[in-house]
Amino acid sequence: MTETAKKSRRVRPPRAPSFHTKNQLKMAARQLFARQGVDGVTVQQIVSAAGVRNNAALHYHFGSKEDLIRELVIDGAAVLNARRQQMLRDLKARGGPTTIREVLEVLVVPVIELEDNEQWRGYIRFTSNLQATNRDVLLAALNNKWNAGYIACFDYLKQMIRIPPALIEQRLSIFSISANAILSAREAALESRQSKGSRLWDRSFTLENILDIFEAMLTCDPSAATLGTVR
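Computed from a predicted structure; not experimentally measured.

(A) Spatial organisation of the packing of helix H9 (residues 148-160) against helix H10 (residues 165-192). Closest axis-to-axis distance for the H9/H10 pair is 11 Å, and the angle between their directions is 140 degrees. Judged on the interaxial angle alone, H10 and H9 are oblique. For the pair H9 and H10, the sense of crossing is right-handed. Residues Tyr150, Phe154, Leu157 and Lys158 of H9 form the contact with H10, whose own contacting residues are Ile168, Glu169, Leu172, Phe175 and Ser176. The residue inventory of the contact of H9 with H10, partitioned by class, reads six nonpolar, one polar and two charged.

Okay, here's the thing in structure tokens:
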């Protein structure tokens, strides 16, 4: 073998770092899950979308598709929870929260911030889809730990909303579903670049108007017809 051939054999293209491959798989999976739901995506589709040649890469890094889903849930939930907890600490330092609006800001603003960061694009639709189709999987991943700030906000709302407890529970559930749908639609528009110049999303008052809508949903007086059916 010539000296040139020996050198050629020794010089190999550098492999992508393991953490890079893992992150590529996560990003690809999150986007696919956001668009198609977790049940509509195969391991092969994730690997292909990530541009990974080794089909065993997903199992190597995560163990299974279910373990990947769990890790994706926790990744984004940890960011949201840290931000919400900090906002609640800031409110407590000022003697709050004292209004429903303040609590809603703690719930919604971190989601808006996450959506505006392209690194996390797809997370809200992914978890919204998971909540609708595989709620037990979502709750098991959160484990009442990674959503502690979210739970604290709901506890505040239960104390602040002045309507019968049975109605509060239902309103909070409907609010959660509605908020997920609205914020998911916003995230989808951001991904498709349709939000720029949009009369729906790209307005100076959009966030405040969304908060107005959520506050009205939670605080409007029950009708006589509704109160007449409460047991």
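(B) Inspection of the side chain of arginine 101 at higher detail. Take arginine 101: it is sitting in helix H6 (residues 100-116). Judged by its relative accessible area of 17%, arginine 101 falls in the buried class. A distance of 2.7 Å separates the side chain of arginine 101 from the side chain of glutamate 208, its partner in a polar contact. For arginine 101, the residues in contact, after removing those within four places along its chain, are Glu208, Leu211, Asp212 and Glu215.

(C) Main features of the side chain of arginine 186. Position of arginine 186 among the secondary structure elements: in helix H10. A polar atom in the side chain of arginine 186 sits 2.8 Å from the side chain of aspartate 116. Apart from residues no more than four positions distant in its own chain, arginine 186 is found in contact with Ile112, Glu115, Asp116 and Trp201.

(D) Structural view of the pattern of salt bridges. Evaluation of the coordinates by the stated rule reveals 14 salt bridges. One salt bridge connects aspartate 212 with arginine 101, and the closest N-O pair in it is separated by 2.5 Å. Highlighted residues: aspartate 212 in helix H11 (residues 206-219) and arginine 101 in helix H6, separated in sequence by 111 residues. Take aspartate 212: its relative accessible area is 39%, and that puts it in the partly exposed class. Close ionic contact of glutamate 169 with lysine 158 constitutes a salt bridge, the shortest N to O distance being 3.6 Å. Of the two residues, glutamate 169 is situated in helix H10 and lysine 158 in helix H9; the sequence distance between them amounts to eleven residues. Glutamate 169 sits in the partly exposed class, given a relative accessible area of 43%.

(E) Broad picture of H9. For H9, spanning 13 residues, the distance from its first C-alpha to its last is 19 Å, which sits close to the expected 18 Å at 1.5 Å a residue. Those residues of H9 that sit buried are Gly149, Cys153, Phe154, Tyr156, Leu157 and Met160. Axial view of H9: buried residues confined to an arc of 155 degrees, hence all on one face.

(F) The arrangement of the nonpolar core in detail. One finds Phe33, Ile46, Val73 and Phe126 to be the most contacted residues of the largest nonpolar core, which totals 60 residues. Ranked by residue count, the leading element in this core is H6, at ten residues.

(G) Representation of the packing of aromatic side chains in the model. All chains considered together, the criterion is met by six aromatic pairs. With centroids separated by 4.6 Å and ring planes inclined at 25 degrees, the aromatic side chains of tyrosine 150 and phenylalanine 154 adopt a geometry described as stacked. Taken together, the residues tyrosine 150 and phenylalanine 154, both in helix H9 and four residues apart, mark about one turn of the helix. Owing to a relative accessible area of 11%, phenylalanine 154 belongs among the buried residues under this scheme. Centre to centre, the rings of phenylalanine 175 and phenylalanine 214 are 5.2 Å apart; their planes meet at 80 degrees, and the pair counts as edge-to-face. Here phenylalanine 175, found in helix H10, pairs with phenylalanine 214, found in helix H11; they are 39 residues apart in sequence, far enough to count as distant. By the burial criterion, phenylalanine 175 is buried, and phenylalanine 214 matches it. Members of the aromatic cluster, connected to one another through ring pairs, are Phe33, Trp120, Tyr123 and Phe126.

Cut-off values and rules
Residues numbered from 1 in each chain as written. Predicted model: local features only at pLDDT ≥ 70, side-chain atom pairs only at ≥ 80, totals over all residues. Heavy atoms only, no water. Axes fitted to C-alpha atoms, helices over the stretch in contact; angles between N-to-C directions. Helix = DSSP H or I, 4+ residues; strand = E, 2+ residues; numbered from the N terminus. Parallel < 35°, antiparallel > 145°, perpendicular 65-115°, else oblique. Left-handed = near helix turned anticlockwise from the far one by under 90°. Contact = heavy atoms within 4.5 Å. Nonpolar A, V, L, I, M, F, W, Y, C, P; charged D, E, K, R; others polar. Buried < 20%, exposed > 50% of the residue type's maximum accessible area, 1.4 Å probe, protein only. Polar contact = N/O pair within 3.5 Å; in protein donor to acceptor, adjacent residues only side chain to side chain. Salt bridge = Lys/Arg side-chain N within 4 Å of Asp/Glu carboxyl O. Expected span 1.5 Å × (residues − 1). Arc of directions from axis to C-beta. Core = buried A, V, L, I, M, F, W, Y, C linked by side-chain atoms within 4.5 Å. Phe/Tyr/Trp six-rings, centres within 6.5 Å; stacked < 30°, edge-to-face > 60°.

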